Protein chains: 2
Amino acid sequence: MKVAKFGGSSLSSASQIKKVANIIRNDSNIRFVVVSAPGKRNDSDIKITDLLIALHTNHSIGISTTSIENQIIDRYQQIAEDLDIDVAIVKEFQAQLHDLLQTITNSERLLDALKSCGEDFNAQLISQYFNKIGLEAEYKSPEAMGIFVTDEPGNAQLLKESYGKIAENKDSDKVLVIPGFFGVSKKGDIVTFSRGGSDITGAIIARGVEADIYENYTDQSHIYSAHPGIVKNPHAINEITYREMRELAYSGFGIFHDEALTPLYEVRIPIQIKNTNAPEIVGTKIVVDRGEVKKYPVIGVSGDEGFISVTIKRYLLNREVGYTRRLLQIFEDHDINVEHIPTGIDDISVVMRANQFENNNKLEELLEDIEQQFEPEWIHVERDLAIIAIVGEGMRDTIGIANKATAAFADSNISLRMINQGASEISMFFAIPSKDLKKALNNLYQNYFEK
Amino acid sequence: MKVAKFGGSSLSSASQIKKVANIIRNDSNIRFVVVSAPGKRNDSDIKITDLLIALHTNHSIGISTTSIENQIIDRYQQIAEDLDIDVAIVKEFQAQLHDLLQTITNSERLLDALKSCGEDFNAQLISQYFNKIGLEAEYKSPEAMGIFVTDEPGNAQLLKESYGKIAENKDSDKVLVIPGFFGVSKKGDIVTFSRGGSDITGAIIARGVEADIYENYTDQSHIYSAHPGIVKNPHAINEITYREMRELAYSGFGIFHDEALTPLYEVRIPIQIKNTNAPEIVGTKIVVDRGEVKKYPVIGVSGDEGFISVTIKRYLLNREVGYTRRLLQIFEDHDINVEHIPTGIDDISVVMRANQFENNNKLEELLEDIEQQFEPEWIHVERDLAIIAIVGEGMRDTIGIANKATAAFADSNISLRMINQGASEISMFFAIPSKDLKKALNNLYQNYFEK
């Protein structure tokens, strides 16, 4: 039995929704369908969710909301008409939006409630369409499904007891259509997950009903061994482990929310990446353990910009017990998340994301504290760093992985600012100047996958 | 003006002392001579310092000390006779030993006083010999030189005010001969430096009298770019920086005590390594900044065994703020010094010297604490690791340094357990299985110095 989740681009128009219906019709194992709000139909289109956020903004600052409301309703009206279903339901949507704007006074609550409409209206439309074409389906609100969450607006966390409630829906005769992205609090308020949260709903449902597999449909068939926007025609991945996904996602592979992976990782339910526009392609499977570790010791290379390093140096630093711990304490006191800590004998570097220093004084204050507590001979800040990750479960048992990487950097005349590889050896990290990122990724890809 | 320090093997016999006298005679810039106790004359010989320690042990447990005393006195007697100086002084040494054994009741104080005799007697003999051959010299005790130290037996630390007192001896007409290895406390007790401490005395005198250079004479002419016991005929280093020395010393180059380097590093006095048996060779100079950084970006490769790593892994570890700091706190609480901390996304390794776990329960207790505080999915201990350091001030500005290293490992089929290179880039560290250390060092040497 399967849970399938469809992303915004898969549900952006009547023609997309028809593709989804075909997928469900052709696979009787799909018993639960989690839907996103309608996404962009083309590059210049606006997502329904963004329109709902704009509606909230305009309402908050007292500007007329009519035009945006119309834009939202027109979109659903168009879908309903194109699907040839009763448009009465769209009138109900409009009434519901009005009602929310008038009854909810707390601004954050209102935002969550409005945002949830994108998915909620879509689920109702889609369920009605399924029934019209003879696919027995039922719309189920998150409340009816038993998705109970904590009370922090925009950052709902699932209450563990929900899994038991969700399981009660396991044996429905009908295909259940569930809006993604939100749950309800114990007090009955609608609370959304963090952005991209329809994946979270899908994962929660899959775990709750103990699905054999969780199918995640977008407009992509695969995860690739390198970013297709940077490396030309990269190799498509058949199987990747959760841990590999995490390590790749860290440096630029923004496919899944961590929070969406966790519920499934814990119970070892695999995720199948599928393409709504080409469902015949098997796609990439995310698993706990993968085969083919020997054939593909490295699963992918990825990179991300926007890192900064602080290096301090003082003669005999290494003889001071606990100096690393004390240094990290300073970063923690300044609320800075640290990524890598390469150490020399009398120097230590701390590498972190630069966006944590958007308030410029924050870096100065940090450096001042380090100066005062460590009196280093030398303190050096390096900006505009990129971090490259080479990831693969098979690296541990394969000689020469590091050498292929360093050869790629040396051949393209790239200066290595940091190397970090630990004993678990599922990943290896390199810091280089940001300007060299594209060149580096292309050369690495060549070395691992084409030579 | 120079300060010259001579090691134990340079002063082990009359013939060695004659070489030293020649060196002083041929270089009128040497105004201060710091001497060690007589060392080994051959492999089966015993150092005077070890005999003095044995004397203390026998005395403490109430065994007759006559035989050891005689061995010590005979050694000095032999030197005096061979140098053809008045042996009356050796009788005084004997009386002094007796006196110490009878008057000092505190065992630690007695040990320090006895150990200091090795250097002290030798300085007196040598000064007398210098005068006999027409080299105007004067024996100066550490007290007379103004070397005042803290009161911890066996671990004296210089009191900063000493430098002013030492400076008062700057303009002596005579060559001053000073025993190394000890100073006096404010209360007048003799306190020794940590072992190898004659180097410390030499450095302190050089700084106190503001020497232009500190010459350190042993039976070696050079520091080499690799350990001559492991790599055949390694390249001799002309100039090396203090920092490079520190990084090399960390992994197996045991040439200098850190404590001996610090006083000189702070005031930028260079150290010249010289060989008593071949003083015509210029030797290796230790400096604050070196030339030839372009020609020799890497100055040396070294390695040491006896490391252990602990790796923990838990899904989403990386999302917890401060987890590295908390983990290091556990190691600190268990009094474990940590050397390297390579990090993955959801795992972290801690590499340290294994001799800290000689009490076997210590490791188990540490692991138990980690288990309890981190609940990792997986905790792995890897033993028998060696760490290799590649060191050089020029590495920062040279592309391809890392690649030469990883090529050496890959070509010899060596599995890399850890790589650590930080932003200061004066060194790069690799952990490998201990069994591969020799092979790795030889291949690295080839790649950096012979290709």
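Residues numbered from 1 in each chain as written. Chains lettered and ligands numbered in written order. Predicted model: local features only at pLDDT ≥ 70, side-chain atom pairs only at ≥ 80, totals over all residues. Heavy atoms only, no water.

This next bit is on the relation of the copies chain A and chain B. The two chain copies are related to each other by a rotation about an axis together with a translation along it. When chain A is fitted to chain B, the best match, at an RMSD of 0.1 Å, comes from turning it 180° and sliding it 0.0 Å along the axis. Here the symmetry operator amounts to a two-fold rotation axis. A shared binding surface is used by both copies, with 100% of the interface residues of chain A retained as interface residues in chain B. (Least-squares fit on C-alpha atoms with pLDDT ≥ 70 in both. Contact = heavy atoms within 4.5 Å.)

Let's shift gears to the pairing of strand 7 (residues 213-218) of chain A. Residues and elements named next belong to chain A. Burial of strand 7 is extensive: five of the six residues sit out of reach of the surface. The pairing of strand 1 (residues 2-6) with strand 7 spans five bridges and is parallel. From the neighbouring strand, Val3 faces strand 7, where its bridge partner is Tyr214. Pairing analysis gives five bridges linking strand 7 to strand 9 (residues 271-275), with the strands arranged parallel. Bridge pairing in strand 9 places Tyr217 opposite Lys274. (Buried < 20%, exposed > 50% of the residue type's maximum accessible area, 1.4 Å probe, protein only. Helix = DSSP H or I, 4+ residues; strand = E, 2+ residues; numbered from the N terminus. Pairing = 2+ DSSP bridges.)

Read from one edge to the other, the open sheet built from ten strands follows the order 12(A)-11(A)-13(A)-15(A)-14(A)-14(B)-15(B)-13(B)-11(B)-12(B), with strand pairing classed as antiparallel. Strands with a single pairing partner mark the edges of an open sheet, and in this sheet they are strand 12 (347-353) of chain A together with strand 12 (347-353) of chain B. The mean angle between the axes of side-by-side strands here comes to 30°, regardless of whether they run parallel or antiparallel. Sheet topology note: the strand 11 (residues 300-313) of chain A/strand 13 (residues 378-391) of chain A ladder contains eleven bridges and is antiparallel. What sits directly across from Ile312(A), in strand 13 of chain A, is Ile379(A). The sheet strands contacting helix 11 (residues 323-333) of chain A are strand 11 and strand 12 of chain A, and the helix crosses strand 12 of chain A at an angle near 30°. Set on the sheet, helix 13 (residues 401-411) of chain B makes contact with strand 14 (418-421) of chain A together with strand 13 (378-391) and strand 15 (427-433) of chain B; between it and strand 15 of chain B the angle comes to about 10°. (Axes fitted to C-alpha atoms, helices over the stretch in contact; angles between N-to-C directions.)

Further remarks concern helix 5 (residues 107-132) of chain B. Residue and element names in this part refer to chain B. Here helix 5 contains 26 residues, and its C-alpha end-to-end distance of 38 Å stays within 8% of the 38 Å for a straight helix at 1.5 Å per residue. Of all the bends in helix 5, the greatest, near 35°, is centred on Cys117. Summarising burial for helix 5: 20 of the 26 residues are buried, a large majority. (Expected span 1.5 Å × (residues − 1). Bend = angle between axes of the 7 residues up to and from the residue.)

Our next topic: the sheet that holds strand 3 (residues 137-139) of chain A. All names here are of chain A. The mixed open sheet is built from eight strands, whose spatial order is 3-4-2-1-7-9-10-8. Edge positions in the open sheet fall to strand 3 and strand 8 (239-241), since each of these has one partner strand only. For this sheet the average axis-to-axis angle between neighbouring strands, irrespective of direction, equals 25°.

Unlike most non-glycine residues, Phe181(A) shows phi in positive territory, near 85°. Position of Phe181(A) relative to the elements: it lies in the loop between strand 4 (175-179) and strand 5 (182-184). The phi dihedral of Asn233(B) is positive, around 45°, even though this residue is not glycine. Relative to the assigned elements, Asn233(B) resides in the loop between strand 7 (213-218) and strand 8 (239-241). Residue Asn233(B) is classed as exposed on the basis of its relative accessible area, which comes to 68%.

What follows is about the nonpolar core. The biggest cluster of nonpolar side chains holds 52 residues, and the ones touching the most others in it are Ile390(A), Phe409(A), Ile390(B) and Phe409(B). Breaking this core down by element, the ones donating at least two residues are strand 13, helix 13 (401-411), strand 15 (427-433) and helix 14 (437-450) of chain A together with strand 13, helix 13, strand 15 and helix 14 (437-450) of chain B. The residues contacting Phe409(B), other than those within four sequence positions of it, are Ile399(A), Ile388(B), Ile414(B), Leu416(B), Phe430(B), Ile432(B), Ala440(B) and Leu444(B). If you look at the next biggest cluster of nonpolar residues, it comprises 50 residues, including Phe193(B), Ala203(B), Ala206(B) and Ala431(B). (Core = buried A, V, L, I, M, F, W, Y, C linked by side-chain atoms within 4.5 Å.)

Attention now moves to the domain arrangement of chain A. Along its sequence, chain A is carved into domain 1 (2-219) and domain 2 (300-450). The C-alpha-based centres of domain 1 of chain A and domain 2 of chain A are spaced at 41 Å. (Domains from an automatic or database assignment.)

We now examine helix 3 (residues 66-83) of chain B. Residue and element names in this part refer to chain B. Taking 1.5 Å per residue, 18 residues should reach 26 Å; helix 3 reaches 25 Å between its end C-alpha atoms and fits that length. Among the residues of helix 3, those classed as buried are Ile68, Glu69, Ile72, Ile73, Arg75, Tyr76, Ile79, Ala80 and Leu83. The arc that holds every buried residue of helix 3, seen down its axis, measures 140°, which confines them to one face. At its buried positions, helix 3 is contacted by helix 1 (14-26), helix 2 (48-61), helix 4 (88-103) and helix 5. Of the residues trailing helix 3, Asp84 is marked for its positive phi of about 65°. (Arc of directions from axis to C-beta.)

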